[in-house]
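# Tertiary structure, described
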Amino acid sequence: MTLINWRGLAIFLAYYGVGAGSIALSSHFHPRAKEIIRKAYHLMACCSAFILLFLFDQWYEAVFTLVIFAGLLYIVVPLGGRLPVIKRLSIGRKDSLGEVLAQAGLFVITLAILLITIWGGLGQMFKFHILVGMITLGIGDTAAALIGKRFGRRQLKLPFVDRNKTLAGSIAMIVTAFGSITALLLIFTDMPLMMVIISALVLAVVGTVIEAVSVAGIDTITIPLGVSFASVLLELLYNLLLG
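The model shown is predicted, which means the values in this text are computed figures rather than measured ones.

Another point: the packing of helix α6 (residues 128-151) against helix α9 (residues 219-242). Closest axis-to-axis distance for the α6/α9 pair is 7 Å, and the angle between their directions is 135 degrees. In terms of orientation, α6 and α9 fall into the oblique class. Considering only the axes of α6 and α9, their crossing is right-handed. On α9, the residues that touch His129, Ile130, Val132, Gly133, Met134, Thr136, Leu137 and Asp141 of α6 are Asp219, Thr220, Ile223, Pro224, Val227, Ser228, Ser231, Val232 and Glu235.

And the structure:
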């Protein structure tokens, strides 16, 4: 048994190197578009789940790759943060590289939990559900943030809902999450179209509710965990109904 898939590790690190470098270059030419840049990093990170799930044969290889990546991240970013050019590319809400590392750490931990519990605990046939949670976070949460900031006029004045959440942002999330999850279900499963639509709608609503009640960036954890496990439960229920 080997813990390292060198080819997968190289591709994973190259993906982040090229992706982060391209986004950083864009931020240099568009310094005022900080929220868009921040969400671009956010989406790039979520899409890295595709590499872990399809280029690695074993869940522990994917987890070990995450460990190596996190170690490099916590070395490279603080060192790079000493350079003025890197400081100007900061994309944290508080313009702090510490905020970037904190969010990256939460993301790595969340993805590792999903890999261990779903792929490692339930088996390879269930690993697709990790994508459902990650894409809901990557696309849905990004749409909620950008649309909410641009067009959000009416806040969601509901119990337990973050006062910063808006109706426009929640609508954007449920629509984009529904479309993304529908596409994933059509590509990776053989579910009937009606079940695909129902499942995607349920999961989009779950993700939107979780996003609305999550505060202080905790949705990096709550959305992928909640949606991924809800997706697993829906598949188990679907299989149970089929007998």
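Glancing now at the pattern of salt bridges. Evaluated as defined, the whole model comprises three salt bridges. Across the pair Lys39 and Asp141 runs a salt bridge, and its minimum N-O distance is 3.0 Å. Of this pair, Lys39 sits in helix α2 (residues 34-54) while Asp141 sits in helix α6; the two residues are 102 residues apart in sequence, bridging distant segments of the chain. Note on accessibility: Lys39 and Asp141 belong to one class, buried.

As for its placement among the helices and strands, Asp219 is situated in helix α9. Although Asp219 is buried, it forms no salt bridge, and the closest oppositely charged side chain is Lys165 at an N-O distance of 4.4 Å. Each residue touching Asp219, except ones within four places of it in the same chain, is listed here: Leu137, Asp141, Lys165, Glu211, Ser214 and Pro224.

Thresholds, definitions, all that
- Residues numbered from 1 in each chain as written.
- Predicted model: local features only at pLDDT ≥ 70, side-chain atom pairs only at ≥ 80, totals over all residues.
- Heavy atoms only, no water.
- Axes fitted to C-alpha atoms, helices over the stretch in contact; angles between N-to-C directions.
- Helix = DSSP H or I, 4+ residues; strand = E, 2+ residues; numbered from the N terminus.
- Parallel < 35°, antiparallel > 145°, perpendicular 65-115°, else oblique.
- Left-handed = near helix turned anticlockwise from the far one by under 90°.
- Contact = heavy atoms within 4.5 Å.
- Salt bridge = Lys/Arg side-chain N within 4 Å of Asp/Glu carboxyl O.
- Buried < 20%, exposed > 50% of the residue type's maximum accessible area, 1.4 Å probe, protein only.
- Lys, Arg positive; Asp, Glu negative; His and termini not counted.

So, to be careful, I would describe these as geometric facts and stop short of saying anything about function.
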